[in-house]
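The chain contents come next:
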Amino acid sequence: MPINPMFNPTVFASETIYTLVILIFCMLVYFKTKEIYDLSKHKGIQFFRYAFLFFGLAYASRIILYVMIFSESISFEPIRRGKTIFMQLLPVSNLVVAYLSTLAILYLIYSTIWKKMDIEHFLIVSNIVALFVAVVAFVSRSPSIISIIQLVLLVVLIIFSTKKKEKDKKKTHARALYILIAIFWLLNLLVLNPVRRLPLQVLLFFQIASIGVFVAIYYKVHKWVK
Amino acid sequence: MGKMNKKRERLEVIYDFLKIIQDNHNSIKPTPLLRKSNLSSQSFSEYFEELLSKELIKEMKNGKGRKYITLTDKGFRYLEKYKYILGFIDEFEL
């Protein structure tokens, strides 16, 4: 199979493994917390679970987007023939990634501030915001636009979250981990831009660090939910 | 069993509610439960309905046709997991 030099099979393999690992940890967090949510019906736990469910789905849809973008640089005939369909589906895939990841970020932040800022019908509000970001991503056809909008959203939410933070609560580094998850996600979107390709070593370091954050979250979950 | 007061969090009220039932050999009539829970009648009814709908407790009738309340398996699980639920909420600042 002739491969265009732009397509790096090692990068593709690392991206696939990375996505799978993140997806597995997200689903583990989601399913492991099912019982304590069923018992307590606690709103914070509910949104925490949703955040990881949607992060998992966002990572899964991101790898599809990745394949679509980089299929352009593959000379393999069957893929090249399917390229037209891929390129037509690209905006749709962009829309899905934007929608799922925006919801994930909103749910993660809201899970920590819902007590201080209980928004009625938050599910509807968050879906409207996510839909707006998704439509912008669909029209623009660029994953970078998603990361810029989400970055703005994230900064606003962090400022708000810091203001609303209860001073007497013990520090657990959970918020720092949440912010890292969101930042790694945004970097993941930037990496999708073929113009801004990272060297393999940098990419691997970044992926390992990102997995480390998810492992840390899972470890904390496992400590309480055995 | 600590006295119930209005400032307690919802999860703690539920815990105390279920604990009263458990401490009474898993069988208590509604009136003593209301008294021991130290909740207003309205709050008591709300919690009672909520716990019934969540299947943490169930209403039974004895041989004389009198109502009494018992914990379900889910209710026992709640008591068992309560500390972990609180720990989890604190750990993740939820």
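Residues numbered from 1 in each chain as written. Chains lettered and ligands numbered in written order. Predicted model: local features only at pLDDT ≥ 70, side-chain atom pairs only at ≥ 80, totals over all residues.

(A) A look at the overall build of chain B. Looking only at helices and strands, one finds four helices and two strands in chain B. Taken from the N to the C terminus, the helices and strands of chain B come in the order α-α-α-β-β-α. Projecting the C-alpha coordinates of chain B onto the three principal axes gives extents of approximately 50 × 25 × 25 Å. (Helix = DSSP H or I, 4+ residues; strand = E, 2+ residues; numbered from the N terminus.)

(B) Seen up close, the interface of chain A and chain B. Chain A puts 18 residues into the contact, and the matching count from chain B is 16 residues. Mapped onto the side of chain A that touches chain B, the elements with two or more residues apiece are α2 (34-40), α3 (43-71), α5 (83-113), α8 (174-191) and α9 (200-224) of chain A. The residue makeup of the side of chain A that touches chain B, split by class, is seven nonpolar, six polar and five charged. (Contact = placed C-beta atoms within 7 Å. Nonpolar A, V, L, I, M, F, W, Y, C, P; charged D, E, K, R; others polar.)

(C) Fine view of the environment of A:Thr112. Along the chain, A:Thr112 falls in helix α5. When the C-alpha atoms of A:Thr112 and A:Ala174 are compared, they prove to be 9.5 Å apart, with 62 residues separating the residues in sequence. Here A:Thr112 is in contact with A:Ser161, A:Arg175, B:Glu93 and B:Leu94, once residues within four sequence places are set aside.

(D) Structural context of the pairing of strand β2 (residues 67-71) of chain B. Residues and elements named next belong to chain B. Two elements, strand β1 (residues 57-61) and β2, share five bridges in a ladder whose sense is antiparallel. Bridged to Lys 61 within β2 is Lys 67. Where β1 folds back on β2, the antiparallel hairpin that results is connected by five residues, among which Gly 65 adopts a positive phi of roughly 80°. (Pairing = 2+ DSSP bridges.)

(E) Up close: the nonpolar core. Residues and elements named next belong to chain A. Formed by 71 residues in total, the largest nonpolar core has its most connected members in Ala 51, Phe 54, Phe 55, Leu 100, Ala 104, Tyr 107 and Leu 108. No other element matches the 16 residues that α5 contributes to this core. The residues contacting Leu 108, other than those within four sequence positions of it, are Ala 51, Tyr 178, Ile 181 and Ala 182. (Core = buried A, V, L, I, M, F, W, Y, C linked by C-beta atoms within 7 Å. Buried ≥ 20, exposed ≤ 12 C-beta atoms within 10 Å, placed from the backbone.)

(F) Just the confidence of the model for chain B, in detail. Residue and element names in this part refer to chain B. For chain B, mean pLDDT is 89; residues scoring 70 or higher make up 91% of the total. Contacts for the low-pLDDT stretch residues 1-7, under 50 throughout, to residues beyond four places or in other chains number 10 contacts. Across the assembled chains, the prediction reports ipTM 0.83 with pTM 0.85. (pLDDT = per-residue confidence, 0-100.)

(G) A look at the packing of helix α1 (residues 10-23) of chain B against helix α4 (residues 73-91) of chain B. Residue and element names in this part refer to chain B. Contact geometry for α1 and α4: axes closest at 10 Å, N-to-C directions at 140°. Between α1 and α4, the angle is such that the two are oblique. The handedness of the crossing between α1 and α4 is left-handed. Along the contact surface, α1 presents Leu 11, Tyr 15, Leu 18, Lys 19 and Gln 22, while α4 presents Gly 75, Tyr 78, Leu 79, Tyr 82, Ile 85 and Leu 86. Of the residues contributing to the contact of α1 with α4, the split by class is eight nonpolar, two polar and one charged. (Axes fitted to C-alpha atoms, helices over the stretch in contact; angles between N-to-C directions. Parallel < 35°, antiparallel > 145°, perpendicular 65-115°, else oblique. Left-handed = near helix turned anticlockwise from the far one by under 90°.)

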